[in-house]
Structure formats: structure tokens, C-alpha cells
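# Structural description and commentary
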Amino acid sequence: QVQLVQSEGEVRQPGSSVKVSCKTSGDSFSDLIITWLRQAPGQGFEWMGRIAPIIGIPTYAQTFQGRLTISVDKSTNTGYMELDSLTSDDTAMYYCANSHDYNWLDPWGQGTQVIVSS
Amino acid sequence: NFMLTQPHSVSESPGKTVTISCTRSGGSIADTYVNWYQQRPASAPKAVIYEDNQRPSGVPHRFSGSIDSSSNSASLTIAGLQTEDEALYYCQSYENTRLIFGGGTKLTVL
């Protein structure tokens, strides 16, 4: 059974970047499809993008095109999400999750709180 | 593009049965699978139904899912409600590569 453990919360200034990690264990890293989502305070979920380590080419939501980078490190079985040009609207809980058949998500990481504030 | 609409909140008593709806606007509910997630306070979401009506391992049989083409909606039914079922529930589907979520329904077990 795969487990996903995310990095600790971050506070960033507007205009800066943040990089969140998602370390996996328990299943073959190549079998996973690591998906990134976020949940703003009191809001629902927003899909950001995904990457299948076996392919290595990410897919991004159009909303984030140009300032989002999703990557993997096969040597450490870890996925990464880096978001640039942060604004206060990017304040949210960020989650990684394993996607089954590009469809449903299970399990999820515990979440990483990102606060953007001057 | 389509949207998924859920009621903002539902409430029911322990031991009763509750149904949460998820209505698709744009396209047929049967076009793509619907999945359901439970999110307890300050916790990550957990899948409780996938592919319309399948239960992930470890999810009690009290949880069931269905779709209804006549109302173009999916439903999550929880029987024998327990206080631990009090949570936010989200439906989710997909379009091409994009995942689409409903706005969430707060279930209160009175």
C-alpha cells in the first residue's frame, strides 16, 4: 500500500516561489501517477496537474500554465510541485495524491499549508 | 466543460440513512466515472466510492454510490449513520486530463 508524506508548511512573500515535496513509499514508484491539488481556505479542490514517473512528462491545468513545475526524483521516489510568482490567492493547503487510471485519487498526502503574506 | 453541484449541507440522526447528491451540468453523468471523498476536519481526504459504485478496501459496506441518468446526478448513500461519519463529502469526475470536483457537502450527524 503506497504512502505519501509531504513536506512541512511554508510561508512565502508575494512574488516568490515555493517547492513542496511528496515522498512515496510502499509501492513501485513507476506504477504511480502523482497528482497535485490545492484547497484554499473554506473552498473546494482545484486540480493543478499530474505526472507519471514512468513517463516523466507532466500535465498542467491551464490556470497554472507558465508558473507551475511538477517533477519527480526517481532516486528518492519523491514528487515535487513548484509554484512561482506567488500571490495571496495562492494561500492554500496543497495535496499530492496517487491517481488510479487518471480517474480517482487514493491515497492522499497529509497536505502542506502554504501561506503567502508580506 | 461541465460542473458538479452538491447541496451545501445535509443532516440526519445516528442510525438513519442519508443520501448526498451530485448533479452534473453539461454532458451526461454516465459519460465519466464519479468518485466520492470524505474529508474530516483538519484531515486529508479519503476515497469512499470510486467509479460510481465501487468501495475501496477498508470502506464499510454502509457506504454506497449510484448514478441516475434521469436526473443526471450521482448519489452517495450512507446507511446506519455514525457520529464519525460527520465530515465534508466531495464528488469528483474528470474531463480529458482535468479533474473536476463538486463544491462539497457538509454532513452533520445530529
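One can find the structure itself at the top, above this paragraph.
About the thresholds
Residues numbered from 1 in each chain as written. Chains lettered and ligands numbered in written order. Predicted model: local features only at pLDDT ≥ 70, side-chain atom pairs only at ≥ 80, totals over all residues. Heavy atoms only, no water. Helix = DSSP H or I, 4+ residues; strand = E, 2+ residues; numbered from the N terminus. Rg over C-alpha atoms; globule rule 2.2 N^0.38 Å. Buried < 20%, exposed > 50% of the residue type's maximum accessible area, 1.4 Å probe, protein only. Pairing = 2+ DSSP bridges. Axes fitted to C-alpha atoms, helices over the stretch in contact; angles between N-to-C directions. Core = buried A, V, L, I, M, F, W, Y, C linked by side-chain atoms within 4.5 Å. Contact = heavy atoms within 4.5 Å.

For chain A, the count of helices and strands is zero helices and 11 strands. Mapped in sequence order, the helices and strands of chain A form the string β-β-β-β-β-β-β-β-β-β-β. Against the 2.2 N^0.38 benchmark of 13 Å for 118 residues, chain A shows a C-alpha radius of gyration of 13 Å, consistent with a compact globule. Summarising its shape, the C-alpha atoms of chain A cover approximately 40 × 25 × 25 Å along the three principal directions.

The next point concerns the pairing of strand β3 (residues 18-25) of chain B. Residues and elements named next belong to chain B. Here β3 shows one buried face, formed by V18, I20, C22 and R24, and one open face, formed by T19, S21, T23 and S25. Where strand β1 (residues 3-5) lies against β3, three bridges are found, and the strand directions are antiparallel. Across the sheet, residue T5 finds its bridge partner in β3, namely T23. When β3 meets strand β7 (residues 73-78), the two strands line up antiparallel, connected through six bridges. Looking at β7, one finds that C22 is bridged to A74.

Quick look at the sheet that holds β3(B) now. Residues and elements named next belong to chain B. Reading across from one edge, β1-β3-β7-β6 is the order of the four strands in this open sheet, with antiparallel pairing throughout. Each edge of the open sheet is held by one strand with a lone partner, namely β1 and β6 (63-68). For this sheet the average axis-to-axis angle between neighbouring strands, irrespective of direction, equals 20 degrees.

With that out of the way, let us pick up the nonpolar core. Judged by nonpolar contacts, the single largest core of 38 residues is most densely connected at A:W36, A:M48, A:M81, A:L83, A:L105, A:W108 and B:F101. At five residues, the largest contribution of residues to this core is made by strand β9 (residues 92-100) of chain A. Ignoring anything within four residues of it in the chain, the contact list for A:M81 reads A:V18, A:K19, A:V20, A:W36, A:M48, A:L68, A:T69 and A:Y94. B:W36, B:I78, B:L81 and B:L107 belong to the second-largest nonpolar core, a separate cluster that totals 23 residues.

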